[in-house]
Amino acid sequence: MSGTARVLVVEDNPLNRELAEAILEMAGYETLSAADGEAALDAARTGQPDIILMDVDLPRLDGLEATRRLKGDPATEGIPVVALTAYAMAGDEERARAAGCDGYVTKPINRPSLLAAVTRALAQHAQEAPP
Ligand code: MN
């Protein structure tokens, strides 16, 4: 990937969304944002993000269903998705992986964990699908 990676931040809580965007932008990423699952699908198709940070608990369409639809659409199936969840329950990461998520990070959002999850998913994706 050349240039700055573009991250689509999908999060319905405005404070969390702004925090994630601020952390990513300070680390040099470009950001797009969406506040619900339907808006996420639109933004993924039109905004050409390199990676998506996807809150699981979203209005209109939850993050796991939005991820299933993204992974089922040839236009968006290649975009890595990192699930963002408040749940630290057993089985939650497995559910995210089963829905097609490529990575996983838990809230509360913190800078090192968020950046590590995004960096890891981008690196894995670059290995799997060289340009
Ligand atoms: Mn939420």
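Above this text you will find the structure in question.
Residues numbered from 1 in each chain as written. Predicted model: local features only at pLDDT ≥ 70, side-chain atom pairs only at ≥ 80, totals over all residues. Heavy atoms only, no water.

### Quick notes on the coordination of the manganese ion
Turning to step 1, where the next piece is worked out: Coordination of the manganese ion by the protein comes from D12 (OD), D55 (OD) and D57 (O), over a distance range of 2.0 to 2.2 Å.
Turning to step 2, where the next piece is worked out: Ordering the donors of the manganese ion by residue number gives the pattern D-x42-D-x1-D. Of this pair, D12 sits in the loop between β1 (6–10) and α1 (14–26) while D55 sits in strand β3 (residues 51–55), and the two are 43 residues apart along the sequence.
Turning to step 3, where the next piece is worked out: In this structure D12 comes out as partly exposed when scored by relative accessible area, which is 32%.
Turning to step 4, where the next piece is worked out: By relative accessible area, which is 2% here, D55 ends up buried. (Donors = N, O, S within 2.8 Å, 3.2 Å for Na, K, Ca; no water. Helix = DSSP H or I, 4+ residues; strand = E, 2+ residues; numbered from the N terminus. Buried < 20%, exposed > 50% of the residue type's maximum accessible area, 1.4 Å probe, protein only.)

### Observations regarding the side chain of D73
Turning to step 1, where the next piece is worked out: The residue D73 is located in the loop between α3 (63–71) and β4 (81–85) in this model.
Turning to step 2, where the next piece is worked out: Within the structure, the side chain of D73 is placed 3.2 Å from the side chain of R45, a separation counted as a polar contact. (Polar contact = N/O pair within 3.5 Å; in protein donor to acceptor, adjacent residues only side chain to side chain.)

### Examining the pattern of salt bridges
Turning to step 1, where the next piece is worked out: Taken as a whole and assessed by the stated rule, the structure comprises 11 salt bridges.
Turning to step 2, where the next piece is worked out: Residues K107 and E11 are paired through a salt bridge, measuring 2.9 Å at the closest nitrogen-oxygen approach. With a gap of 96 residues between them, K107 in the loop between β5 (103–106) and α5 (111–128) and E11 in the loop between β1 and α1 connect regions that are remote in the sequence. Comparing K107 with E11 shows no difference in burial state: the two are buried.
Turning to step 3, where the next piece is worked out: Between E65 and R69 there is a salt bridge whose closest N-O contact spans 3.1 Å. With E65 and R69 both in helix α3 and 4 residues apart, this pair spans about one turn of that helix.
Turning to step 4, where the next piece is worked out: Judged by relative accessible area, which is 25%, E65 ranks as partly exposed.
Turning to step 5, where the next piece is worked out: The network of salt bridges with common partners includes E11, D55 and K107. (Salt bridge = Lys/Arg side-chain N within 4 Å of Asp/Glu carboxyl O.)

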